[in-house]
Each structure stands twice: as C-alpha cells, then as structure tokens.
Amino acid sequence: MTRIFGVLAWFAGLVFFAPVAWMFLTSLHSETDAATNPPSIAAPLTLDGYAEFFNGGAWPPLLNSFSASIGSTIIVLLLAIPAAYALSIKPVEKWTDVLFFFLSTKMMPVVAALLPIYLIAQFAGMLDNISFLTLLYCSMNLPIAVWLMRSFLSEVPREILEAASIDGAGLITILRRVVAPIAMPGIAATALICFIFSWNELLFARVLTGVVAGTAPVYLTGFVTSQGLFLAKVCAAAVVVSLPVLIAGFAAQDKLVQGLSLGAVK
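Here the structure is a predicted model, which means the values were calculated and not measured.

Of regular secondary structure, the protein possesses 14 helices and two strands. For the protein, buried positions account for 36% of its 266 residues. Counting only contacts in the protein whose residues sit at least 6 apart along the sequence, the fraction spanning at least 24 positions is 76%. Each charge sign in the protein was given a centre, from 12 positive and 13 negative side chains, and these centres are 9 Å apart.

This part is about the environment of Val146. In this fold, Val146 is placed in helix α7 (residues 130–153). Here Val146 falls in the buried class, since its relative accessible area comes to 1%. Linking Val146 and Leu8, residues 138 residues apart in sequence, is a C-alpha distance of 36 Å. For Val146, the residues in contact, after removing those within four places along its chain, are Ala80, Ala83, Ala84, Leu87, Leu99 and Phe102.

Following the UniProt record, the feature "transmembrane region" (unreviewed entry) maps to residues 7–25, 66–87, 99–124, 130–149, 178–198, 204–223 and 230–252 here. The distance from the first to the last C-alpha atom of residues 7–25 is 25 Å, and the span holds 100% helix and 0% strand. Secondary structure across residues 99–124 comprises 62% helix and 0% strand; the distance between its end C-alpha atoms is 30 Å.

With that settled, the discussion passes to the packing of aromatic side chains. The geometry of an aromatic ring pair is captured by two quantities: the separation of the ring centres and the angle between the planes. Within the structure shown, the criterion is met by five aromatic pairs. Between Phe54 and Trp59, the ring centres sit 5.2 Å apart and the planes meet at 35°, which makes this aromatic pair tilted. Accessibility expressed as a relative area gives 29% for Phe54, which makes it partly exposed. Aromatic rings pair up to connect Phe53, Phe54, Trp59 and Tyr219 into one cluster.

Here the focus is the nonpolar core. Of all hydrophobic cores here, the largest spans 28 residues; its most connected members are Met149, Leu153 and Val179. Looking at this core, the elements that each hand over two or more residues are α4 (59–88), α7, α8 (158–166), α9 (171–182) and α10 (184–200). Looking at which element gives the most residues to this core, the answer is α4, with seven residues. Ignoring sequence-local partners within four residues, the contact set of Met149 consists of Ala80, Ile81, Ala84, Gly186, Ile187 and Thr190. In terms of nonpolar packing, the next biggest core, distinct from the first, is built from 17 residues, Trp199, Ala216, Val240 and Val245 among them.

So, about the state of the cysteines. A covalent bond bridging the sulfur atoms of two cysteines is what the word disulfide describes. Inspection of the entire model under this criterion finds zero disulfides. Looking at Cys138, it has no disulfide partner, and the nearest cysteine sulfur is the one in Cys194, 9.0 Å off.

The next subject is the packing of helix α5 (residues 95–104) against α7. Look at α5 against α7: their axes get within 8 Å of each other, and the N-to-C directions meet at 140°. One element, α5, and the other, α7, form an angle in the oblique class. Crossing geometry of α5 relative to α7 is assigned as left-handed. Only Pro143, Val146, Trp147 and Arg150 of α7 make contact with α5, whose side of the interface consists of Trp95, Leu99, Phe100, Phe102 and Leu103. For the contact of α5 with α7, the residue count by class is eight nonpolar, no polar and one charged.

There is a patch of nonpolar side chains on the surface, built from Phe66, Ile70, Ile74 and Leu78 and spanning about 380 Å² of accessible area. In this structure, Phe66 sits in helix α4.

Looking at the element boundaries, Ser88 is found in helix α4. Among the residues examined, Ser88 registers a relative accessible area of 6% and is labelled buried. There is a polar contact of 2.6 Å between the side chain of Ser88 and the backbone oxygen of Ala84. Beyond its immediate sequence surroundings of up to four residues, Ser88 is in contact with Arg150, Leu153, Ser154 and Arg158.

What follows deals with unusual backbone geometry. Working note: non-glycine residues mostly have negative phi, and peptide bonds are mostly trans. You will see that Asp128, though not glycine, has its phi angle at about 55°, which is positive. With respect to the helices and strands, Asp128 occurs in the loop between α6 (114–123) and α7. Asp128 sits in the partly exposed class, given a relative accessible area of 23%.

The rules we used
Residues numbered from 1 in each chain as written. Predicted model: local features only at pLDDT ≥ 70, side-chain atom pairs only at ≥ 80, totals over all residues. Heavy atoms only, no water. Helix = DSSP H or I, 4+ residues; strand = E, 2+ residues; numbered from the N terminus. Buried < 20%, exposed > 50% of the residue type's maximum accessible area, 1.4 Å probe, protein only. Contact = heavy atoms within 4.5 Å. Lys, Arg positive; Asp, Glu negative; His and termini not counted. Charge placed at Lys NZ, Arg CZ, Asp CG, Glu CD. UniProt positions renumbered as here; feature names shortened; annotations may be inferred. Phe/Tyr/Trp six-rings, centres within 6.5 Å; stacked < 30°, edge-to-face > 60°. Core = buried A, V, L, I, M, F, W, Y, C linked by side-chain atoms within 4.5 Å. Disulfide = S-S within 2.5 Å. Axes fitted to C-alpha atoms, helices over the stretch in contact; angles between N-to-C directions. Parallel < 35°, antiparallel > 145°, perpendicular 65-115°, else oblique. Left-handed = near helix turned anticlockwise from the far one by under 90°. Nonpolar A, V, L, I, M, F, W, Y, C, P; charged D, E, K, R; others polar. Patch = residues over 30% accessible without salt bridge, like charges linked within 9 Å, V, L, I, M, F, W, Y side chains within 5 Å. Areas by Shrake-Rupley, 256 points an atom, 1.4 Å probe, with all protein chains shown as cover. Salt bridge = Lys/Arg side-chain N within 4 Å of Asp/Glu carboxyl O. Polar contact = N/O pair within 3.5 Å; in protein donor to acceptor, adjacent residues only side chain to side chain.

Here it is as structure tokens:
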C-alpha cells in the first residue's frame, strides 16, 4: 500500500510539474517553433526570448516588484510580531474578537475596494507610486500575518519569557532576543507567504500604476497585444518572474516546513 501511495504521489508531482517544464522548454524556442501546432519539442533551442525580455525594459518592473514585496514584508513583520505577541503571549481583553476582526477584512471582494482606493490614491497624488503600492500590500497581508504569527508565538514556552522578564529584559529585548530566535521558522514561513502574495498581486498594480511604478506581473501582461500572443517571449518572461518566488521557497524550505507545522498537532 505504501508503494502504491508513493507511485501516486510521484504521478501527481509530475502532473503539476509538467506545465512548468513545458513553459520553460517553450521559452527556449523561437517564436516560429513555439507557435507550431502541435508544438515542436525537438526544435532548436535559443535564448532569444530571454534576450528580448531583458532588453525590452524588464529591469524597472522587476526592481519595483522587489521593492514593493520586500518592503511590505518587512513592515508587515515589524507590525505583526508585536500584535501577535499581544494576542497570544500577553492576551488582551476580547482577543478572539480582535482576531476575527482582522480576518473579516479579508472577506470583502478585492474589486469592491478598487474604486475607493483608486480615489484615495488620486486625491493624495500617489497614483503610479511604488510607496503607495507598498503600503497597500502591507494592509492586505497584515491580517494574515497576525493570524499566522499568533499561532506560532503561542508555542513559545512561557517559562523562558518569565525568566527573561525576571532578569530585567524589556519588551523589545524579549521580542528580539527570546521570541524571534524561537519563532524563526514561523517568521520565515510568514515572510515567504507575504512575499509571494505581494509579488503575485496584479489587480491593484494594474490599476494604480503606470509607467513609473509598474510591477513585473503588469509588465508580463503587456506581452499579450492586439498583434497576437508572442508565446516564446511570454514563457521566458513568466519563467523570470517566477524565479524569485521559487528561489525564496527553496532557500527557506526547511524553515517553511517547520513553521507551517508549528501548532498543528501537539
């Protein structure tokens, strides 16, 4: 039975990996070979798609995505860890109501908030501004980060915190030297999730940005034009845009598994 489940797991993995492998292979073909039907697997390989992607002005959108994603993730962590500390280790009154209030902010459809946020950005003169997009990503990811960090920090032994408090450590010292090292897998998991959500966000970036603050997903959609779909170039762009998330996930995979398993089963 174990062998059967192993075979099924490998089969499911190959099914999910096949489209990614096909996208990568298509990105190495010329536009003519990529557009053939059925696709030509044995066609000559070329890096023209990647060259056109990087030579066509891809660096500013990539840097904008890095700036918004990393900046918003750092701010979210700085706000979520103290909030989660107050809701788990030092619970405030009616802390469950606070958590459900955070969660309720994610229940409204994103499209419903699009027009008010656009009008706010227009009134403040923040349209096509990467700083406004960073703050917007912070507000979008903060409720999820607080929920995740609350479950992670609830696993921190109270005895260690009491010992640090008896030794005269203040709140900032406890958070920085005691809580952060113990909850580092959870912090890494939360940071990766917030980074992925910010990096992949398209709707607000598409509406609120233009030439200056356009992000990588917005730049990627620009390859679908009225002149047709440049399949090889689109696949090359999709591979490049996906790489930061894949690299971050691979680099933090051990802490990600530990973090997501914290608090699951005692």
